[in-house]
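Summary of the model geometry
This is what each chain is made of:
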Amino acid sequence: LEEVLQGVVRVVEAGCASLAGETPEQSDAASAPDPAILAALVEEMLPHVRQSRPRPCLPLVSSMMAMGWTGDVGAAIARLEQRLRKYRMKEALQELEALQRVVCSLDGGSVVNQSVLPG
């Protein structure tokens, strides 16, 4: 259901952009997700996941999904949400740390705290 709704949102956004006279490329460039915001959300979520508290994480994951990430990052956010909802906190922590590494590579490592990365 969620995937269907996201598809509908994309179609509506494309329609609105065409009414406004924008090409899809222009609207995508204008609404490109910011890695710094995603990094901040990941940092805020880490303590809750480490303490096995999924409830405070769910609004944060919703914010991540609302940013419109696609590809690997979008898939990682969807997996993270699924693991949190099923209370699989160990797997959610692994997914969140993997997402943190991806965000770090997108942002050049300037925002994400390197001390929390394993290794």
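None of these values were measured; they are calculated from a predicted model. (Residues numbered from 1 in each chain as written. Predicted model: local features only at pLDDT ≥ 70, side-chain atom pairs only at ≥ 80, totals over all residues. Heavy atoms only, no water.)

What about helix α6 (residues 89–107)?
Compared with the 27 Å implied by 1.5 Å per residue over 19 residues, the 26 Å span of α6 between its first and last C-alpha is a close match. Among all positions of α6, only M89, A92, E95, L96, E97, L99, Q100, V103 and C104 are buried. Elements that come into contact with the buried residues of α6 comprise α3 (35–50), α4 (57–66) and α5 (71–85). (Helix = DSSP H or I, 4+ residues; strand = E, 2+ residues; numbered from the N terminus. Expected span 1.5 Å × (residues − 1). Buried < 20%, exposed > 50% of the residue type's maximum accessible area, 1.4 Å probe, protein only. Contact = heavy atoms within 4.5 Å.)

Brief notes about the nonpolar core
M45, M64, L80, L84 and L99 are the most contacted members of the largest nonpolar core, which totals 23 residues. When contributions to this core are tallied by element, the ones reaching two or more residues are α3, α4, α5 and α6. Considering each element in turn, this core owes the most residues, seven residues, to α3. Contact partners of L80, with chain neighbours within four places excluded, come to M45, V61, M64, A92, E95, L96 and L99. (Core = buried A, V, L, I, M, F, W, Y, C linked by side-chain atoms within 4.5 Å.)

Thoughts on the environment of A76
By the element assignment, A76 lies in helix α5. Looking at A76, the relative accessible area reads 7%, which means it is buried. When the C-alpha positions of A76 and V102 are compared, they lie 9.6 Å apart, and in sequence the two are 26 residues distant. Among all residues touching A76, those that are not within four sequence positions of it are E95 and L99.

No statement about biological role is implied by the geometric values presented.
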